[in-house]
Amino acid sequence: MSDAAKPRGAAAWVDKLVVVSGRNPKVTLAVGLALALWGAYCLKNINVDAIPDLSETQVIIFTEWMGQSPELVEKQVTYPLSVAMLSAPKVNVVRGLSMFGMSFVYVIFKDGTDIYWARSRTLEYLSKLSDALPPGVTPTLGPDATGVGWVFQYALVDRSGKHDLAQIKTFQDWYLRYWLASVPGVAEVASVGGYEKQYQIDIDPNKLAAYKLPLERVISAVQMANGDVGGRTLEMSEHEYYVRARGYITDPKQLENASVGVGPEGTPIRVRDVAEVTLGPSQRRGIGSFDGLGDTVGGVVVMRQGEDVTQVIADIKKKLEEVKSAFPPGVEVVTAYDRSGLIHQAVWTLTENLLEELVIVCLIIMLFL
């Protein structure tokens, strides 16, 4: 064979590979079997998702300063945090968002940065800013999730009408939310809809002026009345007794009897003398509806970054079955969004297309051979 007829480049390497494989069939079969086993292992353990996660490494800093205007929040919270995060290592972009009583700072790191390394660096820089922020303002980090971490959503429906929205909201916030948060791979469970039950004190300013009491006195009295106080031990007859004062409020009447001062004749002035105490819902900024049933309580499950979506959703469904017996009578959980169905359909579509291509390729090879 002349030099011009000899294969060059990639063709030469292919010829050499064919010759070596033909002369060493056992080695070739062993390598092929190893590659097949490796492919089967990867196929079994790969994280499959219908929505590709192309999100950047991002850490969200959330700060709440209720009652303050967006301009004041921007100057005293958002701006100091944004400036401090600009000097953090591997930071690419810092974006700030200020609104009434709340601040959001989005710290975006360079591609390839580990999410937990980024969160630890963010906490390190936040620890240096405690003196630069207003008193009582504490920034917190958002969940270790991405924009496509919304994988499951449910609604709590009471078709019997035995429970109001405040009771269902209490069950969601204090029980079901934490049960689902214990599932591996879940970063956060956010509540949607319902009413948050709270003690509401409507103060009459005319009565405050008549008793010559400042508003801060009422606030301080309410705070001191709602809490347990611990003491020391008392030994009597070779037994030790623990002394404490139980003060947590469980009824509006207990809050009404809290003392806020002393009158001219030495009579105590109580909260009920200057205000009205009631049970009511907290102010809401949104509402949840499901299947035209009106206002409904529900939850959104956010997956931790890098987890297997199908496995996390399967564990969530398993947990819901385990705790179903602890639900209030008449309350049932209804799935509103489940990404696993979309994933299974996408995988089946891909499998079907690959099988069709495989059959066509085999037919063409048989025709030419």
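Residues numbered from 1 in each chain as written. Predicted model: local features only at pLDDT ≥ 70, side-chain atom pairs only at ≥ 80, totals over all residues. Heavy atoms only, no water.

*Asks:* Sorry if this is basic, but what is going on with the overall build of the protein chain here?
*Replies:* Looking only at helices and strands, the protein chain features 11 helices and 14 strands. Against the compact-globule benchmark of 21 Å for 369 residues, the protein chain has a radius of gyration of 32 Å, which places it well outside the compact range. In terms of overall dimensions, the protein chain has C-alpha extents of about 125 × 60 × 55 Å along its principal axes. Counting all 369 residues of the protein chain, 29% fall into the buried class. A separation of at least 24 residues holds for 71% of the contacts in the protein chain among residues at least 6 apart in sequence. For the protein chain, the computed accessible surface area is about 24,500 Å², with 58% contributed by carbon and sulfur atoms. For the protein chain, the separation between the mean place of its 35 positive charges and that of its 42 negative charges on side chains is 5 Å. (Helix = DSSP H or I, 4+ residues; strand = E, 2+ residues; numbered from the N terminus. Rg over C-alpha atoms; globule rule 2.2 N^0.38 Å. Buried < 20%, exposed > 50% of the residue type's maximum accessible area, 1.4 Å probe, protein only. Contact = heavy atoms within 4.5 Å. Areas by Shrake-Rupley, 256 points an atom, 1.4 Å probe, with all protein chains shown as cover. Lys, Arg positive; Asp, Glu negative; His and termini not counted. Charge placed at Lys NZ, Arg CZ, Asp CG, Glu CD.)

*Asks:* What should I look at first to understand the nonpolar core in this one?
*Replies:* Generally speaking, nonpolar side chains in soluble globular proteins are found buried as a group. Counting 23 residues, the largest nonpolar core has Phe152, Tyr154, Leu156, Leu176, Leu180 and Ile316 as the members making the most contacts within it. If you list the elements that add at least two residues to this core, you get strand S5 (150–158), helix H5 (165–181), strand S6 (186–192), strand S13 (297–303) and helix H10 (309–322). The greatest single-element share of this core, amounting to five residues, is contributed by H10. Ignoring anything within four residues of it in the chain, the contact list for Leu180 reads Tyr154, Val186, Val189, Val301, Ile316, Lys319 and Leu320. Listed in part, the 21 residues of the second largest apolar core include Trp65, Val73, Val105 and Leu126. (Core = buried A, V, L, I, M, F, W, Y, C linked by side-chain atoms within 4.5 Å.)

*Asks:* Whenever I open this one, unusual backbone geometry confuses me. Can you help?
*Replies:* Note on backbone geometry: most residues besides glycine have negative phi, and most peptide bonds are trans. The phi angle at Lys90 is positive, at roughly 65 degrees, despite the residue not being glycine. In this fold, Lys90 is placed in the loop between helix H3 (70–86) and strand S2 (91–99). Accessibility expressed as a relative area gives 45% for Lys90, which makes it partly exposed. With a phi close to 55 degrees, Lys212 is a non-glycine residue in the positive phi region. Checked against the element boundaries, Lys212 lands in the loop between helix H6 (205–211) and helix H7 (215–225).

*Asks:* Please clarify how the sheet that holds strand S1 (residues 58–64) should be interpreted in this entry.
*Replies:* Within a beta sheet, neighbouring strands are joined by backbone hydrogen bonds and run either parallel or antiparallel to one another. Taken in spatial order, the four strands of this open sheet run S2-S3-S1-S4, and their pairing is antiparallel. In this open sheet, the two edge strands, each paired with only one partner strand, are S2 and strand S4 (140–141). Here two bridges tie S1 to S4, and the two strands are oriented antiparallel to one another. For Phe62, the partnering residue across the bridge sits in S4 and is Thr140. Against the sheet, H3 engages S1, S2 and strand S3 (102–109), with an angle of about 170 degrees to S2. Across the sheet, helix H4 (residues 115–126) lies against S1, S3 and S4, angled at about 35 degrees from S1, the strand it touches most. (Pairing = 2+ DSSP bridges. Axes fitted to C-alpha atoms, helices over the stretch in contact; angles between N-to-C directions.)

*Asks:* Explanation requested: the sheet that holds S5 in the structure shown.
*Replies:* In space, the four strands of this open sheet follow the order S6-S13-S5-S14, with antiparallel pairing throughout. In the strand order of this sheet, the two ends are held by S6 and strand S14 (331–338), each with one partner. On average, adjacent strands in this sheet sit at an angle of 20 degrees to one another, irrespective of strand direction. Direction of pairing for S6 relative to S13: antiparallel, over a ladder of six bridges. Across the sheet, residue Val189 finds its bridge partner in S13, namely Val301. Relative to S6, H5 is tilted by about 175 degrees, and along the sheet it contacts S5, S6, S13 and S14.

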